[in-house]
Amino acid sequence: MANPYLRAFGKHWMKPLTLIALIAPFAYLAVLWTLMLTNTDPYIMGFNPVQWTHRYLGDTAIRVLLVTLVISPIRDITGWQPIALIRRRIGLAAFFYAFLHMLAYLGLDREWSLAKLWEDVMLRTYIMLGMASLVLMIPLAVTSTNGMIRRLGRKTWDRLHWLIYPLAILAVAHNLLMVKLIDGDPTIHAVILAALLLWRLGRFGLKRLKPAQAAT
Ligand code: HEM
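Just so you know, these numbers come straight off a predicted model, no measurement behind them.

Draft legend 1. A nonpolar patch on the surface, seen in detail. The grouping of Phe9, Trp13, Leu17 and Ile20 at the surface amounts to a nonpolar patch, some 420 Å² of accessible area in total. When you line up the elements, isoleucine 20 lands in helix α1 (residues 4–37). Residue isoleucine 20 is classed as exposed on the basis of its relative accessible area of 56%.

This is the structure we're talking about:
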């Protein structure tokens, strides 16, 4: 990395700024709930704050997940390696928001009844896809520490963390299936994911091609 400003930013500012950016959506939600519960602005989240909250958390989860996937292309295009240092914490934040989204649905919409949640999973395909995506996030979150990378070995860890691609597809499908029109945010999320997957496939293809070319 040639640029000294970028290097200083990477060393001193990137991690704390990322943390603040990742906490901001949660802090914003906490402020809205405080304003509503204290009657300062009772309709700040509209007439259905419960639905507003779990939709907001779902949107935040999927966007943070897509940001996680964008880190590698940025690193590959710019050659700025330190950006990869924030990938794990962004991925963890995606899990955090997805988990809160599920909890908000379970607690606020389904009266904390796991049986009712399970009924929904069985009845509605989009909820089943959301659940599958969340479940696949668990091993990634659990193995996100340096200790786990050491214990598993980099190769196994990298292979395990490829799960991020199928789970992102499941999350986007969950989001797409709940709308009737090919329009709006779910479509934008799907297009971004498709572009990121194409980029990955392209990189993978190039990597396989290079050793073959070197051998000829
Ligand atoms: C057990 C897991 C999950 C359950 C039970 C669940 C449930 C739901 C439900 C019921 C809705 C519809 C909200 C409504 O229209 O009122 C929804 C929306 C959504 N969910 Fe999930 N979900 C789960 C996992 C996930 C995951 C893992 C992600 C992303 C990483 C996600 C992202 C979204 C998004 C983006 C929306 C659309 C929000 C909007 O309408 O603006 N969900 N989810």
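Draft legend 2. Main features of the coordination of the iron atom of the ligand. The coordination sphere of the iron atom of the ligand, as far as protein atoms go, consists of His101 (NE2) and His174 (NE2), spread over 2.0 Å. Coordination at the iron atom of the ligand is octahedral: its 6 donor atoms span angles of 87 to 179° at the metal. Of this pair, histidine 101 sits in helix α3 (residues 87–109) while histidine 174 sits in helix α8 (residues 164–177), placing them 73 residues apart in sequence.

Draft legend 3. Up close: the packing of helix α4 (residues 114–123) against helix α5 (residues 125–142). Orientation of α4 relative to α5, taken along the N-to-C sense of each, is 110°, at an axis distance of 5 Å. One element, α4, and the other, α5, form an angle in the roughly perpendicular class. When α4 is examined against α5, the residues Leu117, Asp120, Val121, Met122 and Leu123 are found in contact with a partner set consisting of Thr125, Ile127, Met128 and Met131. Taken together, the residues that form the contact of α4 with α5 break down as 7 nonpolar, 1 polar and 1 charged.

Draft legend 4. Seen up close, the environment of leucine 19. Its place among the elements puts leucine 19 in helix α1. Linking leucine 19 and leucine 136, residues 117 residues apart in sequence, is a C-alpha distance of 23 Å.

Draft legend 5. The arrangement of unusual backbone geometry in detail. Positive phi, close to 65°, is recorded for asparagine 39, a residue that is not glycine. Along the chain, asparagine 39 turns up in the loop between α1 and α2 (49–78). Unlike most non-glycine residues, tryptophan 112 shows phi in positive territory, near 60°. Along the polypeptide, tryptophan 112 turns up in the loop between α3 and α4.

Draft legend 6. Just the site of the ligand, in detail. Taken together, 23 residues lie near the ligand, and Arg55, Asp59, His101, Met102 and His174 sit nearest. One of the side-chain N or O atoms of glutamine 51 is found 3.4 Å from an oxygen atom in the ligand. Between the ligand and the protein, one listed contact pairs a nitrogen atom with a side-chain N or O atom of histidine 101 at 2.8 Å. Looking at the shell around the ligand, the elements with two or more residues in it are α2, α3, α5 and α8.

About the thresholds
- Residues numbered from 1 in each chain as written.
- Predicted model: local features only at pLDDT ≥ 70, side-chain atom pairs only at ≥ 80, totals over all residues.
- Heavy atoms only, no water.
- Patch = residues over 30% accessible without salt bridge, like charges linked within 9 Å, V, L, I, M, F, W, Y side chains within 5 Å.
- Areas by Shrake-Rupley, 256 points an atom, 1.4 Å probe, with all protein chains shown as cover.
- Salt bridge = Lys/Arg side-chain N within 4 Å of Asp/Glu carboxyl O.
- Helix = DSSP H or I, 4+ residues; strand = E, 2+ residues; numbered from the N terminus.
- Buried < 20%, exposed > 50% of the residue type's maximum accessible area, 1.4 Å probe, protein only.
- Donors = N, O, S within 2.8 Å, 3.2 Å for Na, K, Ca; no water.
- Tetrahedral: all angles 85-135°; square planar, octahedral: opposite > 155°, others 65-115°.
- Axes fitted to C-alpha atoms, helices over the stretch in contact; angles between N-to-C directions.
- Parallel < 35°, antiparallel > 145°, perpendicular 65-115°, else oblique.
- Contact = heavy atoms within 4.5 Å.
- Nonpolar A, V, L, I, M, F, W, Y, C, P; charged D, E, K, R; others polar.
- Near = heavy atom within 4 Å.
- Polar contact = N/O pair within 3.5 Å; in protein donor to acceptor, adjacent residues only side chain to side chain.

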